[in-house]
Amino acid sequence: EGTDPEPQRAAQAGAFLLFLPAIALIVVGFVVIGGGALVPGLLLAALGFVALLVVSSIYSAMTTYARAMIYRYTVGQPVPGMSEALLAGAFSPKRR
């Protein structure tokens, strides 16, 4: 048995979409700086970096939690707050 790579790709694409607003703030900040407005540009870029850190921390915590729940499911421990059917879908036979 193995894991299906499709949900992993979808999760990576979703993570990228979560980071887009923070990246956009950083880019807009640098564009504003390039236009001559130093203070507003620095504020936008700093806000973007802080948003990037916050989103990154939340995403990391969620990923760690999900992996812990999958581990608990595979070793037969109780999985509080999650449907076993959802976790069973994380595994599928390898395609040959």
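Above this text you will find the structure in question.
What this report covers is the structure whose coordinates are included nearby. From a predicted model like this one, the values you see are computed outputs, not experimental measurements.

1. Some words on the overall build of the protein
Thinking step 1. For the protein, the count of helices and strands is 3 helices and 0 strands.
Thinking step 2. Scanning the protein from its N terminus toward the C terminus, one meets helices and strands in the order α-α-α.
Thinking step 3. Classification of the 96 residues of the protein by burial places 12% in the buried group.

2. Quick notes on the packing of aromatic side chains
Thinking step 1. Counted by the stated rule, this structure contains 1 aromatic pair.
Thinking step 2. With centroids separated by 6.5 Å and ring planes inclined at 70 degrees, the aromatic side chains of Phe 19 and Tyr 59 adopt a geometry described as edge-to-face. Separated by 40 residues along the polypeptide, Phe 19 in helix H1 (residues 5–34) and Tyr 59 in helix H2 (residues 38–74) bring together distant segments of the chain.

3. Let's talk about the environment of Ile 23
Thinking step 1. Within the secondary structure, Ile 23 is located in helix H1.
Thinking step 2. With relative accessibility at 34%, the residue Ile 23 sits in the partly exposed group.
Thinking step 3. When the C-alpha atoms of Ile 23 and Phe 49 are compared, they prove to be 7.9 Å apart, with 26 residues separating the residues in sequence.

Cut-off values and rules
- Residues numbered from 1 in each chain as written.
- Predicted model: local features only at pLDDT ≥ 70, side-chain atom pairs only at ≥ 80, totals over all residues.
- Heavy atoms only, no water.
- Helix = DSSP H or I, 4+ residues; strand = E, 2+ residues; numbered from the N terminus.
- Buried < 20%, exposed > 50% of the residue type's maximum accessible area, 1.4 Å probe, protein only.
- Phe/Tyr/Trp six-rings, centres within 6.5 Å; stacked < 30°, edge-to-face > 60°.

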